[in-house]
Amino acid sequence: KQYRVAVIPGDGIGREVVPAALRVLAAAAKRFSFALATSDFDFASCDYYDKHGSMMPADWEKQLRPFDAIFFGAVGDPRRMPDHVSLWGSLLQMRRTFDLYCNLRGTRLIPGVPCPLRDPGKIDMVIVRENTEGEYTEMGGKLFHDTDREMVVQETVMTRQGVDRILEYAFTLAASRPAKHLTSATKSNGIALTMPYWDSRVAAMSARFPDVRVDSMHIDALCAAFVSRPASFDVVVGSNLFGDILSDLAPALTGSLGLAASGNIDPTRRSPSVFEAVHGSALDIAGKNVANPVGQIEAGALMLRHLGEEAAADAISKAVDAVLGRGDAAELTRDLGGKGSTTSLAEAVEKELLSA
Ligand code: NAI
Ligand code: MG
């Protein structure tokens, strides 16, 4: 089986962690007998902007649409241009144009990575965030500017299609996992229209997935429970805002925010999904071969899972755990207390993967 992958390294450490992760992906392809046909793109970077006056070419959609997935590094260089120009001109265009309505972020306890919790238990959860509507809209406005009656209104939009499709994805994912447990983030005790609607759609979808155990929790209590009993969660689904908050909180609990990966997914597969590390372009450490490649490697695992290569995805995460768990300073990057480099850590994971 062969998959076509568009590779967009972008800015800063994106150009270092992407090639490092690609060698791990190549090793996985070798071991599990599939092929990745990659094509490199230089757009969605500030260098491209300097040369062409825009972040991406006018026909970017036509160029990227034929691919099975997009492997994305990071974009942004605040010294050269404001983030709203670089990010809105690239990544956010892809999310919107390709209707990547599902934002997926997995969090697990990785041995050897310092966890801020004293007694964390076995944390292994996935946050599913609605990525296209909800609280993040441009609907609303300001009235009575600069008077003492000044007011501003910001609407929340929930469509039946938009809510149902993210819930269906979350239920399907929960049904595929051993615990078959879904937690829905709500706030229907305070937000009186949209959140009760969300809850009613959860109840309706639940009837179609009798195997999945569903809990509904208010976002405030849910945040508290993430801290006090994180190991009791499996799949957690939330609106755009609630999902955004939870998807930073979850990896922070395991100490792995810098090692986390995220997928911007179109589950209908009409468009290529975008896989990236959670961190940004980290210009303070760029060009020194010291960036930790694990977030990008895990993004690669997430991409393989989406493409249907589950065994390869599991093997990559297992290899990462083995390398981080043995804590050899010569292999680990500085942020993990090691003396190694981007290359040495990626090579260690590659070797572990091929020797398993
Ligand atoms: P950042 O994530 O790039 O860096 C934050 C801090 O974490 C820095 O001190 C950095 O050195 C460290 N760090 C990040 N990744 C690391 C890694 N792999 N290994 C070791 N240390 C790492 O966030 P920051 O500085 O706020 O943003 C820099 C640029 O990246 C901005 O232009 C921002 O908009 C952009 N950005 C882009 C994202 C994307 O492409 N999806 C996501 C987040 C930020
Ligand atoms: Mg966020």
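Preceding this section is the structure that the text describes.
Remember, it's a predicted structure, so these values are computed and weren't measured experimentally. (Residues numbered from 1 in each chain as written. Chains lettered and ligands numbered in written order. Predicted model: local features only at pLDDT ≥ 70, side-chain atom pairs only at ≥ 80, totals over all residues.)

Here we come to the overall build of the protein. What the protein contains, in helices and strands, is 12 helices and 12 strands. For a compact globule of 356 residues, the expected C-alpha radius of gyration is about 21 Å, and the protein comes in at 21 Å, within 12% of that figure. Each of the three principal axes of the protein carries a C-alpha extent, and together these read 60 × 50 × 40 Å. Across the 356 residues in the protein, those meeting the buried criterion constitute 44%. Within the protein, residue pairs in contact and separated by at least 24 positions form 76% of the contacts whose partners lie at least 6 positions apart. (Helix = DSSP H or I, 4+ residues; strand = E, 2+ residues; numbered from the N terminus. Rg over C-alpha atoms; globule rule 2.2 N^0.38 Å. Buried ≥ 20, exposed ≤ 12 C-beta atoms within 10 Å, placed from the backbone. Contact = placed C-beta atoms within 7 Å.)

The next point concerns helix α6 (residues 160-176). Across its 17 residues, α6 extends 24 Å between first and last C-alpha, which sits within 8% of the 24 Å expected from 1.5 Å per residue. Along α6, the residues that are buried comprise Val163, Ile166, Leu167, Tyr169, Ala170, Phe171 and Ala174. Considering only its buried residues, α6 is in contact with β4 (102-108), β5 (124-130), β8 (181-186), α7 (194-206) and β10 (235-238). (Expected span 1.5 Å × (residues − 1).)

Looking now at the sheet that holds β8. Pairing within the open sheet is mixed, and its 10 strands lie in the order β2-β1-β3-β12-β11-β4-β5-β10-β8-β9. The open sheet terminates on both sides in strands that have one partner only, identified here as β2 (35-40) and β9 (213-218). If you compare each strand with its neighbour and ignore which way they point, the axes differ by 25 degrees on average. For β5 and β10, the ladder comprises 4 bridges, and the chain directions are parallel. (Pairing = 2+ DSSP bridges. Axes fitted to C-alpha atoms, helices over the stretch in contact; angles between N-to-C directions.)

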